[in-house]
Amino acid sequence: QVQLVESGGGLVQPGGSLRVSCAASGSIVSIYGMGWHRQAPGKQRELVASITRGGSTNYVDSVKGRFTISRDNAENTVYLQMNSLKPEDTAVYYCNADVTYRNSAGYAPTDNYWGQGTQVTVSS
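As the structure is a prediction and not an experimental result, all values here were calculated from the model. (Residues numbered from 1 in each chain as written. Predicted model: local features only at pLDDT ≥ 70, side-chain atom pairs only at ≥ 80, totals over all residues. Heavy atoms only, no water.)

Some words on the nonpolar core
Step number 1: Judged by nonpolar contacts, the single largest core of 31 residues is most densely connected at Trp36, Phe67, Ile69, Val78, Leu80, Met82 and Tyr93.
Step number 2: In terms of residue count, strand β9 (residues 91-101) provides more of this core than any other element does, six residues in total.
Step number 3: For Phe67, the contacting residues outside a window of four places in its chain are Arg38, Val48, Tyr59, Leu80, Gln81, Met82, Asn83, Leu85, Asp89 and Tyr93. (Core = buried A, V, L, I, M, F, W, Y, C linked by side-chain atoms within 4.5 Å. Buried < 20%, exposed > 50% of the residue type's maximum accessible area, 1.4 Å probe, protein only. Helix = DSSP H or I, 4+ residues; strand = E, 2+ residues; numbered from the N terminus. Contact = heavy atoms within 4.5 Å.)

Regarding the environment of Thr52
Step number 1: Relative to the helices and strands, Thr52 is located in the loop between β5 (46-51) and β6 (57-59).
Step number 2: Expressed as a C-alpha distance, the spacing of Thr52 and Gly35, which sit 17 residues apart in the sequence, is 8.7 Å.
Step number 3: When residues no more than four places from it in sequence are discounted, the contact partners of Thr52 are Tyr32 and Arg71.

Things to note about the environment of Asp111
Step number 1: Mapped onto the fold, Asp111 is located in strand β10 (residues 110-114).
Step number 2: With a relative accessible area of 32%, Asp111 lands in the partly exposed category.
Step number 3: Taking the C-alpha atoms as reference points, Asp111 and Ala97, 14 residues apart in sequence, are found 8.3 Å from one another.
Step number 4: Look past the residues within four positions of Asp111 in its chain and what remains in contact with it is Ala97, Asp98, Val99 and Tyr101.

A few points about the pattern of salt bridges
Opposite charge on two side chains allows them to pair when their charged atoms are near.
Step number 1: In this structure the tally under the stated criterion is four salt bridges.
Step number 2: Put simply, Glu46 and Arg38 hold a salt bridge, and the shortest N to O gap is 2.7 Å.
Step number 3: Since its relative accessible area comes to 30%, Glu46 is described here as partly exposed.
Step number 4: The salt bridge involving Asp89 is made with Arg38; its shortest N-O contact spans 3.0 Å. (Salt bridge = Lys/Arg side-chain N within 4 Å of Asp/Glu carboxyl O.)

Structural data, given as structure tokens:
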């Protein structure tokens, strides 16, 4: 009933910038916490940044001062603006959200959803 679709990944040179987006669609009632995770080859997936519905944010230390997470509640979209990118930022970036949706029985459960991921490569 709910899909998260990321976009905006690609290849960028060290020191460059990139913005990735994640749009949620479906029978959405409300979206609570949203976040961006990443997974580099051979490494565990890690939480990069998160944002509450009210706009409070949290970042992993390695991206503080370089990445900014934001959201548009009206559009059910979360963004990650990435500046001063480094080769070690190379990874597949996944968005994640806690979504309350209307199901076929008329109830409104809350589940956790993931996007399919978008590749970000930082290389010269």
